[in-house]
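# Examining the three-dimensional arrangement
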Amino acid sequence: SIPNIREQTMGINYGFDRVRFASPVKSGSRVRGRFTLSDCRFRGAGMLMTTYDVTVEIENEKKPALTACWITIVQFDPKDRPDDA
């Protein structure tokens, strides 16, 4: 689960970079998604761009099914932005 920002007014799926399908997933296999925040920066007064490193792992397999870089934008009211940001 990705944390929610309480001042958030809207979330935007900006897209994926460097998507790699490393291994097929067999029918009935269990998978797990791992999301690691790798970058976070303000983009204008009311937007925060976040980048996550994503790995989809297959149970009992050494190679992941997928690796990617997921980019999202969190929009919020600029008056809620901290003064020191």
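Residues numbered from 1 in each chain as written. Predicted model: local features only at pLDDT ≥ 70, side-chain atom pairs only at ≥ 80, totals over all residues. Heavy atoms only, no water.

## Considerations on unusual backbone geometry
Where we set the bar: Only runs of H or I of at least four residues qualify as helices and only runs of E of at least two qualify as strands under DSSP, and these elements are numbered from the N terminus. Exposed residues in this analysis have more than 50% of their type's maximum accessible area, buried residues have under 20%, and partly exposed residues fall in between, with area computed by a 1.4 Å probe over protein chains only.
The phi torsion at R18 lies on the positive side, around 50 degrees, for a residue other than glycine. Topologically, R18 is positioned in strand β1 (residues 8-21). With relative accessibility at 56%, the residue R18 sits in the exposed group. Despite not being glycine, N60 has its phi angle at roughly 65 degrees, a positive value. By secondary structure assignment, the location of N60 is in the loop between β3 (47-58) and β4 (66-76).

## Considerations on the nonpolar core
We apply this condition: Here, nonpolar core refers to any group of buried Ala, Val, Leu, Ile, Met, Phe, Trp, Tyr and Cys residues whose side-chain atoms link them within 4.5 Å.
Of all hydrophobic cores here, the largest spans five residues; its members are Y52, V54, L66, A68 and W70. Looking at this core, the elements that each hand over two or more residues are β3 and β4.

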